[in-house]
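The lines below spell out each chain.
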Amino acid sequence: MCPTLSILSASDRPQGNEKSPSPSQMGRGKSTESRKADTNRIGRTVLNLAVTLFAASGAFGQTQFGPVAVGTSTSQTVTVTAQAAGTVATVQVLTMGNQNLDYTAGSGNCASATLAVNGQCSQTVNLTPAFPGRRLGAVVLLDNSNKVLGTAYLQGTGLGGLPVLLPGNEVPYAGIYWEWQVVNDGQPATAADLNLPSSVALDAAGNLYIADSLHNRIRKVDAATHLISTAAGNGNSGVVGDGSLAVNASLSAPSGVALDGAGNLYIADTGNNVIREVSAATGIIS
């Protein structure tokens, strides 16, 4: 089985080379039929992203932990198959890109192992779900240059009571109502502008990734500080930058974001008709 990916929503891109409209202009003058067509395009974008990532990730395999009560632990020995040859310098056991959360490392023989392509090693992994619901993770083998040698994906389910939403006030989490001109990275998320935010994804630590479509960026809101930054995209519309740091690359109206168990970020780069990947280990986009 391949890794399951957390995907929320996506949005349609602007047409042609028209000037970026304000949020109000995006919604004006549309008939009911046009809005229905927009909804269909949104659905197709989500479906196409899910299918693409499902097919692309299948070769890496996945270990199923099954249902585990919140706060209790279970362990499994995970076999990691090398996709690249090298000597393992670091073994990371991750929960959607974050260490020391639901999944933690036990004993194993992967550390310092020298592996050929398709060579294997094993790592004991403990799952202690902190919350109910699906828990995604990965075992990642890195060499001393942070090159990924192998990845084994993990999936389990935390069993427990679900929270109940009570009637209350709506509180903005990111962006300023009706403002869209300025990026304002490094500020509290509620003091920064977004321009047609169209999709969000959460990692296991609670960091929020936003497809800031008409700013041609993927934004990140830090769960601890609530400061906003750019995770991918330099603000210019284009397709250049593969093989470089994601923050130096160009995107074109990105409309969907997703994270896998290793914390790799996948972007529906809608204006370029491609799916881009940002490596969690290196920050490189491809």
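Scoring rules and cut-offs
Residues numbered from 1 in each chain as written. Predicted model: local features only at pLDDT ≥ 70, side-chain atom pairs only at ≥ 80, totals over all residues. Heavy atoms only, no water. Helix = DSSP H or I, 4+ residues; strand = E, 2+ residues; numbered from the N terminus. Buried < 20%, exposed > 50% of the residue type's maximum accessible area, 1.4 Å probe, protein only. Contact = heavy atoms within 4.5 Å. Phe/Tyr/Trp six-rings, centres within 6.5 Å; stacked < 30°, edge-to-face > 60°. Salt bridge = Lys/Arg side-chain N within 4 Å of Asp/Glu carboxyl O. Pairing = 2+ DSSP bridges. Axes fitted to C-alpha atoms, helices over the stretch in contact; angles between N-to-C directions. Core = buried A, V, L, I, M, F, W, Y, C linked by side-chain atoms within 4.5 Å. Lys, Arg positive; Asp, Glu negative; His and termini not counted. Polar contact = N/O pair within 3.5 Å; in protein donor to acceptor, adjacent residues only side chain to side chain.

1. Some words on the overall build of the chain
So, step 1. Secondary structure summary: the chain contains 2 helices and 18 strands in total.
So, step 2. Here the chain holds 286 residues, and 43% of them are scored as buried.
So, step 3. Long-range contacts, defined here as pairs at least 24 residues apart, represent 60% of the contacts in the chain between residues at least 6 apart.

2. Considering the packing of aromatic side chains
So, step 1. Applying the stated rule across the entire model yields 2 aromatic pairs.
So, step 2. Note on Phe65 and Tyr103: the rings are 5.4 Å apart at their centroids and 65° apart in plane angle, and the pair reads as edge-to-face. With Phe65 in strand β2 (residues 62-69) and Tyr103 in strand β7 (residues 103-108), the pair connects residues that are 38 residues apart, well separated along the chain.
So, step 3. With a relative accessible area of 9%, Phe65 lands in the buried category.
So, step 4. The buried category is assigned to Tyr103, whose relative accessible area is 0%.

3. Regarding the pattern of salt bridges
So, step 1. Taken as a whole, this structure holds 5 salt bridges when the rule is applied.
So, step 2. A salt bridge links Asp102 to Arg135; the nearest nitrogen and oxygen atoms lie 3.3 Å apart. In this pair, Asp102 sits in the loop between β6 (98-99) and β7 while Arg135 sits in strand β10 (residues 133-142), placing the two residues 33 residues apart along the sequence. Of the two residues, Asp102 and Arg135, neither departs from the other in class, the shared state being buried.
So, step 3. A single salt-bridge network, built from bridges that share partners, covers Asp185, Asp212 and Arg219.

4. Quick look at the sheet that holds strand β9 (residues 120-127)
So, step 1. Strand order across the open sheet formed by 3 strands is β3-β9-β7, with antiparallel pairing between neighbours. A strand with exactly one partner marks an edge of an open sheet, and here the two such strands are β3 (74-81) and β7. This sheet shows a mean twist of 35° between the axes of neighbouring strands, independent of strand direction.
So, step 2. Both β7 and β9 contribute to a ladder of 4 bridges, which runs antiparallel. By the bridge assignment for β9, Gly108 is matched with Gln123.

5. Some words on the nonpolar core
So, step 1. Ranked by size, the top nonpolar core spans 20 residues in total, and within it Val80, Tyr103, Leu115, Val125, Val139, Leu141 and Leu154 carry the most contacts.
So, step 2. Within the residue set of this core, elements represented by two or more residues are β2, β3, β9, β10 and β11 (148-159).
So, step 3. For Leu154, the contacting residues outside a window of four places in its chain are Gln62, Thr63, Phe65, Val78, Tyr103, Val125, Arg135, Leu136, Gly137, Ala138 and Val139.
So, step 4. Judged by nonpolar contacts, the second largest core, of 17 residues, contains Ala231, Ile267, Val278 and Ile285.

6. Re unusual backbone geometry
So, step 1. In this model, Asn184 sits at a positive phi of 60°, which is unusual for a non-glycine residue.
So, step 2. By secondary structure assignment, the location of Asn184 is in the loop between β11 and β12 (197-202).
So, step 3. Its relative accessible area of 31% is what places Asn184 among the partly exposed residues.
So, step 4. The backbone of Leu196 shows a phi angle near 60°, a positive value even though the residue is not glycine.
So, step 5. Considering the arrangement of structural elements, one finds Leu196 in the loop between β11 and β12.

7. Quick notes on the pairing of strand β15 (residues 228-232)
Here is the key point about a regular strand: its side chains alternate between the two faces of the sheet.
So, step 1. Most of β15 is tucked away, with 4 of its 5 residues classed as buried.
So, step 2. Note that strand β14 (residues 217-221) and β15 share 4 bridges and pair antiparallel. Residue pairing in the sheet places Val221 in a bridge with Ile228 of β15.

8. A word on the environment of Val139
So, step 1. Along the polypeptide, Val139 turns up in strand β10.
So, step 2. Between the C-alpha atoms of Val139 and Val80, which are 59 residues apart in sequence, the distance is 7.4 Å.
So, step 3. Once residues within four sequence positions are removed from consideration, Val139 is found in contact with Val78, Val80, Val91, Gln92, Val93, Gln123, Val125, Gly150, Thr151, Ala152 and Leu154.

9. A look at the side chain of Asp260
So, step 1. Considering the arrangement of structural elements, one finds Asp260 in the loop between β16 (256-259) and β17 (265-269).
So, step 2. Arg134 provides the closest opposite charge to the buried, salt-bridge-free Asp260, at an N-O distance of 12 Å.
So, step 3. A distance of 3.0 Å separates a polar side-chain atom of Asp260 from the backbone nitrogen of Asn264.

10. A look at the environment of Ser237
So, step 1. In this structure, Ser237 sits in the loop between β15 and β16.
So, step 2. In this structure Ser237 comes out as exposed when scored by relative accessible area, which is 55%.
So, step 3. Ser237 sits 12 residues away from Ala249 along the chain, and the two C-alpha atoms are 9.5 Å apart.
So, step 4. At 3.2 Å, the side chain of Ser237 forms a polar contact with the side chain of Ser252.

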